[in-house]
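Per-entry structural report
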Amino acid sequence: MSKKIDERIPQTSGEGAYFKNYYGIQSPWNKIYSYQDALHYASRFESVLSAAATQALRIIVPDYAERAQLMCEEAYARLYATGKYYGDDEGFGIHPFFCGQFAGALIGDKGDDALLMCGRCQDFGTYRAEKELDVCDWDICGSELCRTTTMSLQGQANASAERRRKGPTMDYLMVEAKGCGDRHCRIIAESREKYPAPPHALWESFGPAVTDEYKKDTKEEDCVSESMMFREECNYHFVNGTNNETDSSNQMINMSTAASLYILPAIAETVKRGYVTREQADHILKCVLEAAGKAMFGERYSIRACREWLGVPDSIGEDGRVMGGLMEMLLQSLVCKYEVEAFNKEEVILVIDRAGLEITATKDVPEAHLWMWQGMVKTLVNVQWSVWEENSPAGKMRVKVAKKIDKFM
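Residues numbered from 1 in each chain as written. Predicted model: local features only at pLDDT ≥ 70, side-chain atom pairs only at ≥ 80, totals over all residues. Heavy atoms only, no water.

**Looking at the overall build of the protein**
- The secondary structure content of the protein amounts to 12 helices and 12 strands.
- Seen through its principal axes, the protein has C-alpha atoms that stretch 70 × 60 × 40 Å.
- Out of the 409 residues belonging to the protein, those deemed buried represent 57%.
- The long-range fraction of contacts in the protein, counting pairs at least 24 apart against all pairs at least 6 apart in sequence, stands at 67%. (Helix = DSSP H or I, 4+ residues; strand = E, 2+ residues; numbered from the N terminus. Buried < 20%, exposed > 50% of the residue type's maximum accessible area, 1.4 Å probe, protein only. Contact = heavy atoms within 4.5 Å.)

Here it is as structure tokens:
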């Protein structure tokens, strides 16, 4: 090990021995968690970050209807425009003879399961489709996100329809939403040729549906808590109604979805439309995310729980290595490449691949994490410690955890 990096057991320890290999993440203190645990950890962390980012958007656009309409417009346009990406018909099990917009339901179904939003398709037909979810980590963001994801699905369905023969048009509605306090999320898509209804504004993408009487509700005791890729009854594979089959390794996608795919792009849209300047938007985001980070470890028991989860030895007290170790666990869970430049009692320096945190929707995700981490270190360790970016190489984010005195913090 480098003199700047404390001794740690390498992740290849035991290679060549008679032990089995397992897939997961490893803390600097040799605590190992499974692939399944890693995905759940990343999903929950990113949903909390997303909920905080939503609060920033609510400050920028206080009116609910105006905010929801903006979010829906931005997401619909962008997801419609990325129809080429969703042109992977074989990957979604969309057969060549399919027509119309109902095939978009296959796109949403696979994406749900990949993001641990488990449930079931209750109907999948030419004129009607129904998807019921039992779990959604993103429900804490609020109902605007529920409306927005529905309209992003509408955009994908429309783009999908334009690549094939003309068929039934489908109106996608979320008739129940966990973000509103419902037991399930439920999207119903209906052909307006077969089931006419008055037109509605884009943001009014909630129910009721014309075909509400056909809803199939699953009792709570029969609900599931894991995606198909983690259930024995599914042979640990995602399989949809057209026999599109995907194992857990291919099903994993970047877990930073809600903030990166919907909320941060909506904030960028407020800048384009002149609600705020980019500097004002960043200031609001930074303030909200730092506060959310501080709240994560405001209670002392949460600090103890985090240290135990990481396997931090008692010999390490209020030390930046605790924060650095937690950051490493998240980066591993997000499958984001990074290098450890320093890891000792004086400082932690991680050089992070920016592309591992970014997706095509927005470039703001790395900064959002940085602001969240800056808040977290204040309560997880203490206020003498800070997290900041310094001397980053091209395409990287060089993040430092060290003691810092700032009279204007």
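**A word on the environment of Pro265**
- Locating Pro265 in the fold gives a position in helix H7 (residues 257-272).
- In the structure, Pro265 is positioned 29 residues away from Tyr236 in sequence and 34 Å away in space, judged by C-alpha atoms.

**Quick notes on unusual backbone geometry**
- Omega for the bond connecting Gly207 with Pro208 falls within 30 degrees of zero, at 5°, which places this linkage in the cis form.
- Inspection of the secondary structure puts Pro208 in the loop between strand S6 (185-191) and strand S7 (237-239).
- Positive phi outside glycine occurs at Asn391, with the angle close to 55°.
- Look at Asn391 and you get exposed, because its relative accessible area is 63%.

**Observations regarding the pattern of salt bridges**
- Counted by the stated rule, this structure contains 33 salt bridges.
- Residues Glu132 and Arg120 are paired through a salt bridge, measuring 2.6 Å at the closest nitrogen-oxygen approach. Of this pair, Glu132 sits in strand S4 (residues 128-133) while Arg120 sits in strand S3 (residues 119-124), and the two are 12 residues apart along the sequence.
- With relative accessibility at 0%, the residue Glu132 sits in the buried group.
- Among the salt bridges present, the one from Arg278 reaches Asp364, with a minimum N-O distance of 3.5 Å. Of the two residues, Arg278 sits in helix H8 (residues 278-296) while Asp364 sits in the loop between helix H11 (354-357) and helix H12 (365-380), which places them 86 residues apart along the sequence. (Salt bridge = Lys/Arg side-chain N within 4 Å of Asp/Glu carboxyl O.)

**Overview of the pairing of strand S9 (residues 338-343)**
- The pairing of S9 with strand S10 (residues 347-353) spans 5 bridges and is classified as antiparallel. From the neighbouring strand, Glu339 faces S10, where its bridge partner is Val351. (Pairing = 2+ DSSP bridges.)

**Section: the packing of aromatic side chains**
- Scanning all chains against the criterion turns up 9 aromatic pairs.
- Seen from their ring centres, Tyr64 and Trp203 are 6.1 Å apart, and the 70° between their planes marks the pair as edge-to-face. Note that Tyr64 is positioned in helix H2 (residues 64-81) and Trp203 in the loop between S6 and S7, a separation of 139 residues in sequence.
- Owing to a relative accessible area of 27%, Tyr64 belongs among the partly exposed residues under this scheme.
- Here Phe102 and Phe124 contribute two aromatic rings whose centre-to-centre distance is 5.2 Å and whose plane-to-plane angle is 40°, an arrangement assigned as tilted. Of the two residues, Phe102 sits in the loop between helix H3 (89-92) and helix H4 (104-114) while Phe124 sits in strand S3, which places them 22 residues apart along the sequence.
- Among the aromatic residues, those joined into a cluster by ring pairs are Phe97, Phe98, Phe102 and Phe124.
- One cation-aromatic arrangement involves Lys194 over Tyr195; the distance from NZ or CZ to the ring centre is 5.9 Å.
- Across the ring face of Trp388, the terminal group of Lys404 is positioned such that the distance to the ring centre comes to 4.4 Å. (Phe/Tyr/Trp six-rings, centres within 6.5 Å; stacked < 30°, edge-to-face > 60°. Lys NZ or Arg CZ within 6 Å of the ring centre and 35° of its normal.)

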